[in-house]
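# Structure assessment
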Amino acid sequence: MNSAEGAPRGVIPARLLHGQKALVTGANSGIGKATALALGRAGADVVVNYVAGREAAEEVAEEIASFGVRSAAYEADVSREDQVVAMTDRMVQEFGTIDILVANAGLQRDAAITEMTLAQWQKVIDVNLTGQFLCAREAAKEFRRRGVVPEVSRAAGKIICMSSVHQIIPWAGHVNYASSKGGVQMMMQTLAQELAPEKIRVNAVAPGAIKTPINRAAWETPEARKDLLRLIPYDRVGEPDDIAHAVVALSSDLMDYVVGTTLYVDGGMTLFPGFATGG
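This text gives an overview of the structure that appears in the document. (Residues numbered from 1 in each chain as written. Predicted model: local features only at pLDDT ≥ 70, side-chain atom pairs only at ≥ 80, totals over all residues. Heavy atoms only, no water.)

Moving on: the pattern of salt bridges. Within this structure, the stated rule accounts for 15 salt bridges. A salt bridge links glutamate 142 to arginine 145, with the shortest nitrogen-to-oxygen separation between them at 2.7 Å. Pair noted here: glutamate 142 and arginine 145 are both in helix α4 (residues 118–146), with a separation of three residues, about one helical turn. Residue class for arginine 145 comes out exposed when judged on its relative accessible area of 55%. For arginine 201, the salt bridge identified is with aspartate 256, shortest N-O distance 3.8 Å. Of this pair, arginine 201 sits in strand β6 (residues 200–207) while aspartate 256 is found in the loop between α7 (240–251) and β7 (262–265), placing the two residues 55 residues apart along the sequence. Judged by relative accessible area, arginine 201 falls into the buried class, the value being 4%. Within this structure, Glu81, Arg137, Glu138 and Lys141 form a network of salt bridges that share partners. (Salt bridge = Lys/Arg side-chain N within 4 Å of Asp/Glu carboxyl O. Helix = DSSP H or I, 4+ residues; strand = E, 2+ residues; numbered from the N terminus. Buried < 20%, exposed > 50% of the residue type's maximum accessible area, 1.4 Å probe, protein only.)

And the structure:
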């Protein structure tokens with residue numbers, strides 16, 4: 001294992017997102033939690049969305065509040081239109097507006113194609129793709145209503161879609177997940193094209209192998225980690241903070257001219273390392 005594994009992940013400028021209001025879906029654990037905390041450290045007020053695990057979500061919100069910003073935990077199933085609308089309306093009422101949406105909520109229901117049920121297929125599409133669409137739609141309405149507030153941001157709003165390297169890398173045994181992320185890629189690009197004239201920036205972050213509870217079996221043991229590292233030229237498994245820092249950067253005016261782009265945060269996984277020794 002590379003000696004950089006577990007090293008500090010850098011310092012986020014404390015006022016980079018000062019005065020902005022962020023909504024992070026699926027933010028009570030894993031990448032969503034790290035992202036919500038990073039946005040708070042950067043000065044944003046943050047709503048922590050969850051669908052289960054209220055206590056964990058409230059703990060994340062309390063930690064964010066300790067940075068001197070506002071935070072709250074909102075329960076909502078992103079695949080349910082009525083709940084997404086209610087969550088967005090509540091945030092606008094309680095926080096005043098939304099400046100940043102991180103559409104992170106996602107899940108897996110893995111099975112071989114001949115064993116996958118329609119329910120497994122539909123659940124993943126409903127949460128991973130339709131959920132991002134619903135959240136983006138409601139956020140865009142608020143961005144359009146408010147417009148650009150120059151003292152807050154050069155953009156009227158920012159949408160960060162959480163995708164995956166599997167938007168371009170096929171993944172046998174995970175056809176529902178890979179299909180949902182392929183859909184996220186085209187949805188993001190289409191929304192970016194449609195909304196850019198209104199100074200609404202839409203981009204995506206595509207994580208590679210990240211240490212989260214959802215994929216613990218792939219990195220927890222030395223044997224599993226060794227197999228996984230064969231796919232990662234940079235020779236370490238990613239941490240949630242690697243993704244969180246990318247989201248903070250894309251949310252800031254430092255990236256104001258970045259529109260419709262997927263930022264792959266994958267240690268080089270999309271370089272197809274199997275071809276490094278020939279092909």
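More follows now that the structure is in view.
This next bit is on the environment of arginine 154. Structurally, arginine 154 can be placed in the loop between α4 and β5 (157–162). Note: C-alpha distance between arginine 154 and aspartate 253 (99 residues apart in sequence) is 6.4 Å. In contact with arginine 154, not counting residues within four places along its chain, are Val148, Asp253 and Asp256. (Contact = heavy atoms within 4.5 Å.)

What follows concerns the side chain of serine 164. Within the secondary structure layout, serine 164 lies in the loop between β5 and α5 (175–195). Within the local environment of serine 164, its side chain forms a polar contact with the backbone nitrogen of histidine 166, the two atoms lying 2.9 Å apart. Excluding residues that lie within four positions of it along the chain, serine 164 makes contacts with Tyr177, Lys181, Val205, Ala206 and Pro207. (Polar contact = N/O pair within 3.5 Å; in protein donor to acceptor, adjacent residues only side chain to side chain.)

Another point: the packing of helix α1 (residues 30–41) against helix α2 (residues 54–65). It is the contact of α1 with α2, at a shortest axis distance of 9 Å, that shows an interaxial angle of 20 degrees. Relative to α2, α1 is oriented roughly parallel. With respect to the hand of their crossing, α1 and α2 are arranged in right-handed fashion. For the pair α1 and α2, contact is made by Lys33, Ala36, Leu37, Gly40 and Arg41 and by Val60, Glu63 and Ile64, respectively. Across the contact of α1 with α2, the residue classes tally to four nonpolar, one polar and three charged. (Axes fitted to C-alpha atoms, helices over the stretch in contact; angles between N-to-C directions. Parallel < 35°, antiparallel > 145°, perpendicular 65-115°, else oblique. Left-handed = near helix turned anticlockwise from the far one by under 90°. Nonpolar A, V, L, I, M, F, W, Y, C, P; charged D, E, K, R; others polar.)

The next subject is a nonpolar patch on the surface. A cluster of nonpolar side chains, contributed by Ile113, Leu118, Trp121 and Val175, occupies part of the molecular surface with about 390 Å² of accessible area. By the secondary structure assignment, isoleucine 113 is in the loop between β4 (100–103) and α4. (Patch = residues over 30% accessible without salt bridge, like charges linked within 9 Å, V, L, I, M, F, W, Y side chains within 5 Å. Areas by Shrake-Rupley, 256 points an atom, 1.4 Å probe, with all protein chains shown as cover.)

Before going further, it helps to examine the side chain of glutamine 20. Position of glutamine 20 among the secondary structure elements: in the segment before β1 (21–24). Setting aside residues up to four positions removed in sequence, glutamine 20 forms contacts with Ala44, Asp45, Asp99, Ile100, Val152, Ser153, Lys158 and Ser251.

Summed over the entire model, instances satisfying the criterion amount to zero disulfides. Not part of a disulfide, cysteine 135 finds its nearest cysteine sulfur in cysteine 161, a span of 9.8 Å. Residue cysteine 161 is classed as buried on the basis of its relative accessible area, which comes to 0%. (Disulfide = S-S within 2.5 Å.)

Now for the environment of leucine 263. When you line up the elements, leucine 263 lands in strand β7. Overall, the relative accessible area of 35% leaves leucine 263 in the partly exposed class. For the pair leucine 263 and asparagine 49, spaced 214 residues apart in the sequence, the C-alpha separation amounts to 23 Å. What leucine 263 contacts, discounting residues up to four positions off in sequence, is Ala204, Val205, Ala206, Ala246 and Leu250.

Between the first and last C-alpha of α2 there are 16 Å, a value that for 12 residues agrees with the 16 Å anticipated at 1.5 Å per step. Burial in α2 covers these residues: Ala57, Val60, Ala61 and Ile64. Looking straight down α2, one finds its buried side chains confined to an arc of 100 degrees; they lie on one side. Turned more than 90 degrees away from the buried face of α2, the exposed residues are Glu55 and Glu62. At its buried positions, α2 is contacted by α1, β2 (45–50) and β3 (71–75). (Expected span 1.5 Å × (residues − 1). Arc of directions from axis to C-beta.)

Just distances and angles here, no functional claims.
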